[in-house]
There are 4 protein chains.
Amino acid sequence: MVKVGIIGSTGYAGAELVRILLNHPDAEIVWYGSRSYIEKPYAEVYGNFFELVEDRCLDDNLDLLAEKADVIFTATPQGFCAGKVSEGLLQKAKVVDLSADFRIKDAARYEEWYGIHHPTPEFLPEAVYGLPELNREAVKGARLIANPGCYPTCSILSLYPLVNAGLIDPERIVIDAKSGTTGAGRGAKIPNLYCEVNETIKAYGVAVHRHTPEIEDQLSIAAGRPLLVQFTPHLVPMNRGILVTAYADLAPGATAEKIRAAYEAAYEKEPFVRVLPEGRVAETRYVRGSNYADVGFCVDGRTGRVIVMGAIDNIGKGAAGQAVQNMNLLFGLPETEGLLTVPMSV
Amino acid sequence: MVKVGIIGSTGYAGAELVRILLNHPDAEIVWYGSRSYIEKPYAEVYGNFFELVEDRCLDDNLDLLAEKADVIFTATPQGFCAGKVSEGLLQKAKVVDLSADFRIKDAARYEEWYGIHHPTPEFLPEAVYGLPELNREAVKGARLIANPGCYPTCSILSLYPLVNAGLIDPERIVIDAKSGTTGAGRGAKIPNLYCEVNETIKAYGVAVHRHTPEIEDQLSIAAGRPLLVQFTPHLVPMNRGILVTAYADLAPGATAEKIRAAYEAAYEKEPFVRVLPEGRVAETRYVRGSNYADVGFCVDGRTGRVIVMGAIDNIGKGAAGQAVQNMNLLFGLPETEGLLTVPMSV
Amino acid sequence: MVKVGIIGSTGYAGAELVRILLNHPDAEIVWYGSRSYIEKPYAEVYGNFFELVEDRCLDDNLDLLAEKADVIFTATPQGFCAGKVSEGLLQKAKVVDLSADFRIKDAARYEEWYGIHHPTPEFLPEAVYGLPELNREAVKGARLIANPGCYPTCSILSLYPLVNAGLIDPERIVIDAKSGTTGAGRGAKIPNLYCEVNETIKAYGVAVHRHTPEIEDQLSIAAGRPLLVQFTPHLVPMNRGILVTAYADLAPGATAEKIRAAYEAAYEKEPFVRVLPEGRVAETRYVRGSNYADVGFCVDGRTGRVIVMGAIDNIGKGAAGQAVQNMNLLFGLPETEGLLTVPMSV
Amino acid sequence: MVKVGIIGSTGYAGAELVRILLNHPDAEIVWYGSRSYIEKPYAEVYGNFFELVEDRCLDDNLDLLAEKADVIFTATPQGFCAGKVSEGLLQKAKVVDLSADFRIKDAARYEEWYGIHHPTPEFLPEAVYGLPELNREAVKGARLIANPGCYPTCSILSLYPLVNAGLIDPERIVIDAKSGTTGAGRGAKIPNLYCEVNETIKAYGVAVHRHTPEIEDQLSIAAGRPLLVQFTPHLVPMNRGILVTAYADLAPGATAEKIRAAYEAAYEKEPFVRVLPEGRVAETRYVRGSNYADVGFCVDGRTGRVIVMGAIDNIGKGAAGQAVQNMNLLFGLPETEGLLTVPMSV
C-alpha cells in the first residue's frame, strides 16, 4: 500500500487526485494538505467526498509529511515545490510535482517565462519529465517527477510522433488549444466567475503563455533540434477538457498513410492513447473523467497541411491521472491501476 | 434629458442600468460610480461598452453626485443607501435604491432579517416600494424609491392578483424560486466560480432568505392581513432569469376561469406583464434581456391547488429595468421609454 | 460472471449501464441492443467507448437474447417491456425494466396516466418495485424488477422516512423537482436542442407528469393510506442530476431531532443514501456519476414546515446505477459491486 | 416604411431578424414565412414574441410575397433562393439571401464545395457580396444581396486589412474558428441536442467546410491574387458568438504599428467594427446580441507571426444584423438604423 500525501489537495487537480486514489487498490491518502482550509474536514470543502473521506485538511509541512508518506504530490502554484525540495526530502519520499518547477531543464528559461526565481536548480538534472509515453523507463527510477502541464500533455502527445518521424515541418507548427475552466484553477477571481466565463470564448496568454517553452522543449527533443511553436490557449465554458487543434506543413513525401503509421507505431502499445480512425475527430467529452488521450488527424491535400486534433481531460491525463500513472511506475505497480475509469460522455 | 448617476455601476445590475440607459432617448449617465475601479475606464471593466462609453469610474460621493444628477441609482450592498440618504440629498436628487434598505417598512424587521442596523429609519415612511404595477401613482410623486428585489418582483407579480381576489388560501403559499447566477453578484467568491455553479443545482438560504419578509409584506397588503410564505431560492447554471413556481391551495369557489379573470383584470393594461394562455408555461429565456414578466398558471383539480409560474430577467425587471421604469415615472416620461427591448430567446 | 443484455443501449440510461458494467468485475455485456443503430459499432455511437467496446449494435430480439443472457435490462420507451415479457422469457432470464411498465400495480391507473394499454397486467403482481432501500429482500428473489423512475427514486428516498414515521402531514406534500437534460432522453426533438435548453429553466408536465402516481403509490405504502402529492418537474440546463425540494407540514410533535432520527434509522446502514448534516444542502454535482443519493432537510419553525432536499444522478441512482444495484441483489453479488465510483464534483 | 418578408423566419437567423426588425423604426414585417409551421402563430414558436407578434406563419410563396414586400430575406437552406430567384421577382422586390447561393461567383466552385447544382448562375454576376465594409456602394444599388456567411464575416473583417496592405504572407493563413451552437441551426438532429453539445468541444468540417471558398474569394480580392486558407471551425457550448483566431506570417517590414495603422485606416469610420487596443483580446460576449465586430491582434516577435482575433455574434453581424444593415443601405436608410443595440455581456 503506497502512502500518499497531497499538498494542495483542495484545488481542482488535488481533488481529482483524491477522487482517483480513493478507487486505487494500492494507495492510501495519509495527508490532505491545504493551507487555506487547515483543520476543516476535507468533505466540507468538496461535498462529493461526504462519508468517503473523514480526514481534516492539514498544512503543507513537507518534512513531517515525508516521514509518513511514500510519495508526495505537490498540486501547488509555481515555486512552491522548488522552494521545498531537498536531498533530505527526496531520501524520504518520492515527489511528483504537478507544478512547472522541474519541467524546464534550463533554469534561466524557466525564470524568463515564469517570472520567478528558481531556488533549487540543482535538482533539475535529476528531475524526470513525467510523460510516460516518452519517458517510461526514466520515470521508474526517479525520485523527482516533473508532472507535465495540461496543454503540453495534449500538445506533445498529438504532435510528437509526427515530429519524431520527420513527417511535418517542425518549424511551422501552430497549436490552437481550448481548455475547460478547471484549468483556470479554484482561485476566487472575477475572471473565473460563472457569469464571466459562461456563454463566451476568448484567447488568453497569446504569444506569452508559460506552457509554450515546455511544449517546445519536448518537441525539440523529438525533432533533434530546437524549434519554436505558436501556442494560443482559449478558455471554454465547460468544466473539463482540453482540445488541441494543431496545424503543420507536411514534410516532402509525407502522406496520410505514413502519418497513421507513425501514430500507430508510437501508440499501439500505449494503454491511454487512442488513435482515432479516419473521419473521426477528437472531442473532449469522450475522455472526460478519464486518463485517456484521443488523437486524430486530417491531411488537407489542398493546402499541404495536416491538422492534428487531440483531446484529454485537463485534470485527468493533464494533471491528476498522469500523476497517478507516474506513481504506479515509481512503485512498480501496474501502470493502469486505478486509472481504467471509463470516460463519462454526458 | 434626465441626468443619471449610478453608484455601483460595475456590478451586474449596475452594468444592466448602463446597457439600458445608453439606448434611452431621454437619459444621460453623468456618473459611473464604482469604488473598486476608481479612475479605470468603464469600458475596460465591461468590454461590451468599448467605444460606447468613454467615461472613467468615479467614487461614491453622493453629495457631489447630487449636484450633477437628477436621479441617483444605488446598486450597492445593503446598508449603503441607508447610510447616505439625507434630507439634503433628497432635496437635490431623487434616489432609486436597488438595495433592500427601504423595502421593509418596519426597521426592526429589516434588522432582524438582514442582521444590520438601519441608520435612517426616518426615511422609511416616505420611501415608495417601486413596483409600478402596484404603486404607480405613489411612485410618480416620490423622492425615494425602494426598488423591489428580484425574487419579490417575480413572486409578487405572480401571486398578487390571486391573493388580492381571495382566490387562494393566503396562509399556505409555497414559493420555489430558481435564479440565474448574476443574482449572486460579481463578488470574487469561490461559490460563484464557473466550475462551482456549472452543471449543478442547489437551494440556498432555506427558511432564512432575506427576500422572504419583502414578499410577505406585499402579499399581506394584498390579503389585508399578515401572512407568511415559504420561500426557497435555488441557484441555476445560467446567467440571467428567475423562475418562480408557486403552490397555493384554491379558496372555496375558485376556478381556473376566475383565476384567469383576476390576472387579466390586474394586468391587461400593464405594458410589461404578460399573462400566458392556458397550456403555456413561463420560461426565463422568453424574457431575457427585457423588462417583461411572464405569468401563467395551472389549476390542479386533483389536488385542489393552483400552480403559478412566473418568469423575469432578474437583472431586468428584477433590478435595472424596473429601476428605469421607476425613473420614467418619476420624471414624467413615458413609462416604457427605453424598455421595449424585445427579449432574446437564444 | 453475469451475462447481461441491454435493450435500448444507445439511450442515455443505456449508455450509463454500459459505462458502469464495463467496470463491474462480475458482469459481462453480451448484447448491445439498439433498434436505431443495428450493425453499427457501439463505440461509433458513443466515442468514449472507443477501444473499450468492440461490439456492434443488435436488434431487440428478446427471445434470442434470453438464450444468451442471465439478465436483460430494458432501457426502452413505455410499453416495450410489457409487450415482450412472457412466462417463457422470465424462465430463461431475469428482467430489469427501466421503463414504467411494471412500477404501478394497478393497470388502470397506469393506463390513465400513461395513456397506453397495458398488454400484460398478469405480471404486475410478481413484479418487484426495485428500490432496494425499501424492498431489498423482495428484489433478491424476483424475476421481474420494475426499476424506479428517476424523479420517484429521489422523491421517495427524500420523503419515505418522514411519512413512515408520521412526522409530516402526508396529505400536503409538495415536490418541486429539477432535472438535468439527460432526463429528456436522446430523441431528436427541437425542445431538446442545445439552444432551446441552455440558459433557461421551465416547468413541464405540471399537474400531469407520469411519475406522480409512482411517487404516490410508494408514499401511500409508507403512510398506510392513500395520499396525493403535488409534483412539478423542471428542466435545468445541465446534463445530469435531479434535485428534489419537497415541502411538508410538520405533524404535531415533530421536531428536527425526531426527523434526523427517522432519517438515520432508515439509512444508517444504507450504502448509497447519505444523510447530510445540519446546515448542508443537497447539490446534484456531489452525486454526479455515482449511485449515491444525498438527503438533507431544514425545519422552518416559523412556518411549521420541513423542507426536504434530495439529490441523485438521474441516470445513476435514478436509472442505470439502481438497475445494477438490483442486478447485484438478483444474483447474490455484493450490493455495491461496481457502484462505488466516487462522485465527480466538477 | 420598408415592407419586409422573411422566408425561414423560424430558424435562429430568422428569429433574430424578427427581433431586430421589431425595434426598427422604418421597417415592418409583412410575411413570417415558415414551411414547417404554416398557420401556427409565430409567437407560439418563439415565446419571447408573445404579445409582440400577432401574425401566423405563412408558406414560402415568393411570388405572392413579392407583391407585398419591398425586400425579401431568405434565411433558408442552400439552394432555396437560387431555385426561386427570377428576373420577375427581382423587378418586384429586393432579395437579401442569407444562404450561400450567391456568395461565390464561380458556379462550378459553388457546386464543388456545396455538392448541389446551381440552377440560376445567370444572377451570380449581379449579386453583390453584402459585406458593407467592403462593398458599401455596390450594395446600395443592388437588387440581389448575397449576405455573407457567419465565419466569413468574422474571418474577412479580421484579416482583410492586413492582406490588403500586404502586411502578412497571404499564402499561409490559418484560421481557427469557434462558434456557438445557433450556428448549427434549429434542425432536430441528435448532434445538436443539449447533452451532445454541452461540456465538450470539437472541430468539424475539417479541411472541407463550405465557408472556406467564400473566405478565400474575398481575401483573394484583397491580395490581388488567388490564395488558399486553412479554415477549421469548432462547435462551442454556448448559444451565440464566433471567435476567429487567425495566424499569419508577417510580411517583411511589417510591424505592430503598421498593422494597427492598417486596421485603423480600414475601420476608423466603420460604425460596427471596433479595433481593440493593445493588450485586449476579442471575446464573443462583448458583441452578443449586437451588430458589432471586435478585432484585435498580437504580434509575436519571437515567431514572426501576427495572431489576429475577431469576434462577432454569429446570428447578429454574422447573419441577421448584417442583413438589416444591407437593407438599410438598399433603401437609403441610415446604415445603423435599428442596429445600435448595446451588446449584452452577461
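See the structure shown above.
All figures in this text were calculated on a predicted structure; none of them were measured in a lab.

*Asks:* So what's going on with the interface of chain D and chain C? Residues and values would help.
*Replies:* The parts lose accessible area when they come together, and the size of an interface is often stated as this lost area. In this complex, chain D contributes 20 residues to the contact, which on the side of chain C involves 20 residues. Buried area between chain D and chain C, both sides added, is near 1,700 Å², and the carbon and sulfur share of it is 59%. When the buried area of chain D at its contact with chain C is split by residue, Leu193, Tyr194 and Cys195 of chain D rank highest and sum to 38% of it. Among the salt bridges present, the one from glutamate 196 of chain D reaches arginine 186 of chain C, with a minimum N-O distance of 3.1 Å. Applying the counting rule to chain D against chain C returns 12 residue pairs in polar contact (both at pLDDT 80 or more). Take the side of chain D that touches chain C: its biggest share by element is 4 residues, from helix 9 (residues 194-197) of chain D. When the residues that make up the side of chain D that touches chain C are grouped by side-chain class, the tally is 10 nonpolar, 6 polar and 4 charged.

*Asks:* Tell me what's going on with the sheet that holds strand 3 (residues 71-74) of chain D, and back it up with residues and numbers.
*Replies:* Residues and elements named next belong to chain D. Spatial strand order, 2-1-3-4-6-5: 6 strands in an open sheet with parallel pairing. Sheet topology places strand 2 (27-33) and strand 5 (128-129) at the edges, where each strand pairs with a single neighbour. In terms of strand pairing, strand 5 meets strand 6 (residues 144-146) through 2 bridges, oriented parallel. If you follow tyrosine 129 over to strand 6, its bridge partner there is alanine 146.

*Asks:* Which residues make up the relation of the copies chain B and chain C, and what values go with them?
*Replies:* Of the transformation placing chain B onto chain C, the axial shift is 0.0 Å and the rotation is 180°, giving an RMSD of 0.0 Å. This pairing of chains is accounted for by a two-fold axis. The C-alpha atom lying nearest the rotation axis in chain B is that of proline 237 of chain B; the distance is 3.3 Å.

*Asks:* Before we move on, can you summarise the relation of the copies chain D and chain C with the specific residues and values?
*Replies:* A rotation about an axis combined with a shift along that same axis relates the two copies of the chain. Once chain D is rotated about the relating axis by 180° and shifted along it by 0.0 Å, it coincides with chain C to within an RMSD of 0.0 Å. A shared interface surface links the copies, since 100% of the contact residues of chain D are contact residues in chain C too.

*Asks:* Got a sec to walk through the interface of chain B and chain C? Specific residues and values, please.
*Replies:* Facing 47 residues of chain B, the contacting portion of chain C comprises 47 residues. Both faces combined, the contact of chain B with chain C buries some 4,100 Å², and carbon together with sulfur accounts for 51% of it. Per-residue buried area on chain B facing chain C is highest for Glu199, Ile201 and Arg302 of chain B; these three make up 17% of the total on that side. Run the count over chain B and chain C and you get 8 salt bridges. A salt bridge links arginine 302 of chain B to glutamate 216 of chain C, with the shortest nitrogen-to-oxygen separation between them at 2.4 Å. Linking chain B with chain C are 34 residue pairs in polar contact (both at pLDDT 80 or more), by the criterion used here. Those elements that place two or more of their residues in the side of chain B that touches chain C are strand 7 (174-179), helix 9 (194-197), strand 8 (202-203), helix 10 (212-223), strand 9 (230-235), strand 10 (242-249), strand 12 (293-300) and strand 13 (305-312) of chain B. A per-class count over the side of chain B that touches chain C returns 22 nonpolar, 9 polar and 16 charged.

*Asks:* Would you mind going over the nonpolar core in detail, with residue names and values included?
*Replies:* Ranked by internal contacts, the top residues of the largest apolar core, which has 259 residues, are Phe73 of chain A, Leu21, Phe73 and Met327 of chain B, Phe73 of chain C together with Phe73 and Met327 of chain D. When near neighbours in sequence (up to four residues on either side) are disregarded, phenylalanine 73 of chain A contacts Val4, Gly5, Ile6, Ile7, Leu17, Leu21, Val96, Leu98, Ala323, Val324 and Met327 of chain A.

*Asks:* I'd like to hear about the sheet that holds strand 8 of chain B, residue by residue, with values.
*Replies:* Residue and element names in this part refer to chain B. The strand order across the open sheet formed by 7 strands is 8-9-7-10-13-12-11, and the pairing between neighbours is mixed. Looking along the sheet, the strands with just one partner apiece sit at the ends: strand 8 and strand 11 (273-275). Packing against the sheet, helix 11 (residues 256-267) makes contact with strand 11, strand 12 and strand 13, and its axis sits at approximately 165° to strand 12.

*Asks:* For the pairing of strand 12 (residues 293-300) of chain A, give the residues involved together with the corresponding values.
*Replies:* Side-chain direction in a regular strand flips from residue to residue, so the side chains alternate between the two faces of the sheet. All names here are of chain A. Of all the 8 residues making up strand 12, 6 are buried; the element is thus mostly covered by neighbouring parts of the structure. Of the strand pairs in this sheet, strand 12 and strand 13 (residues 305-312) are connected by 8 bridges, and their pairing is antiparallel. Paired with phenylalanine 297 across the two strands is valine 308, which belongs to strand 13. In this antiparallel pair of consecutive strands, strand 12 and strand 13, the connection spans 4 residues, and glycine 304 shows a positive phi of 75°.

*Asks:* Report on the packing of aromatic side chains, specifying residues and quantitative values.
*Replies:* Throughout the structure, instances matching the rule amount to 38 aromatic pairs over all chains. Measuring from ring centre to ring centre gives 6.0 Å for tyrosine 42 of chain D and tyrosine 46 of chain D, while their planes differ by 40°; the resulting arrangement is tilted. Judged on exposure class, the residue tyrosine 42 of chain D and its partner tyrosine 46 of chain D are both buried. A connected cluster of aromatic rings, assembled from ring pairs, spans Tyr32, Tyr42, Tyr46 and Phe49 of chain A. One cation-aromatic arrangement involves arginine 274 of chain D over tyrosine 292 of chain D; the distance from NZ or CZ to the ring centre is 4.6 Å.

Scoring rules and cut-offs
- By convention here, each chain's residues receive numbers from 1 onward along its written sequence.
- Chain letters start at A and ligand numbers start at 1, both assigned in the order the entries are written.
- Side-chain atom pairs in this predicted model are given and counted only at pLDDT of 80 or more, local residue features only at pLDDT of at least 70, and totals for whole chains, interfaces and linings cover all residues.
- Hydrogens and waters are ignored; side-chain quantities use all the structure's heavy atoms.
- Contacts between residues were defined by any pair of non-hydrogen atoms, one from each residue, lying within 4.5 Å.
- Computed with a 1.4 Å rolling probe, the buried area is the accessible surface lost when two parts are put together, summed over both parts.
- By convention in these notes, a salt bridge is any Lys or Arg side-chain nitrogen within 4 Å of a carboxyl oxygen on Asp or Glu.
- N or O atoms closer than or at 3.5 Å make up a polar contact, with two conditions inside protein: a donor-capable atom paired with an acceptor-capable one, and, for residues adjacent in sequence, both atoms drawn from side chains.
- We count a stretch as a helix when DSSP gives it H or I for four or more residues in a row; a strand needs E for two or more, and each element gets its number in order from the N terminus.
- Under this grouping Gly is polar, as are all residues other than the nonpolar Ala, Val, Leu, Ile, Met, Phe, Trp, Tyr, Cys and Pro and the charged Asp, Glu, Lys and Arg.
- At least two bridges found by DSSP between two strands is the condition for calling them paired.
- To line up the copies, we fit them by least squares on C-alpha atoms, keeping just the residues with pLDDT of at least 70 in both.
- For our purposes a nonpolar core is just a set of buried Ala, Val, Leu, Ile, Met, Phe, Trp, Tyr and Cys residues, chained together by side-chain atoms within 4.5 Å.
- Throughout this description, buried means an accessible area under 20% of the type-specific maximum (1.4 Å probe, protein chains only), exposed means over 50%, and partly exposed covers the range between.
- As a rule, the C-alpha atoms of each element are fitted with a line to give its axis, helices using only the stretch in contact, and angles between N-to-C directions run from 0 to 180 degrees.
- In summary, the pairing rule links any two rings of Phe, Tyr or Trp, Trp by its six-membered ring, whose centres are within 6.5 Å, and it sorts them by plane angle into stacked for under 30 degrees, edge-to-face for over 60 and tilted for everything else.
- Charges are assigned to positions over rings by a cutoff of 6 Å between ring centre and Lys NZ or Arg CZ, combined with an angular limit of 35 degrees from the ring normal.

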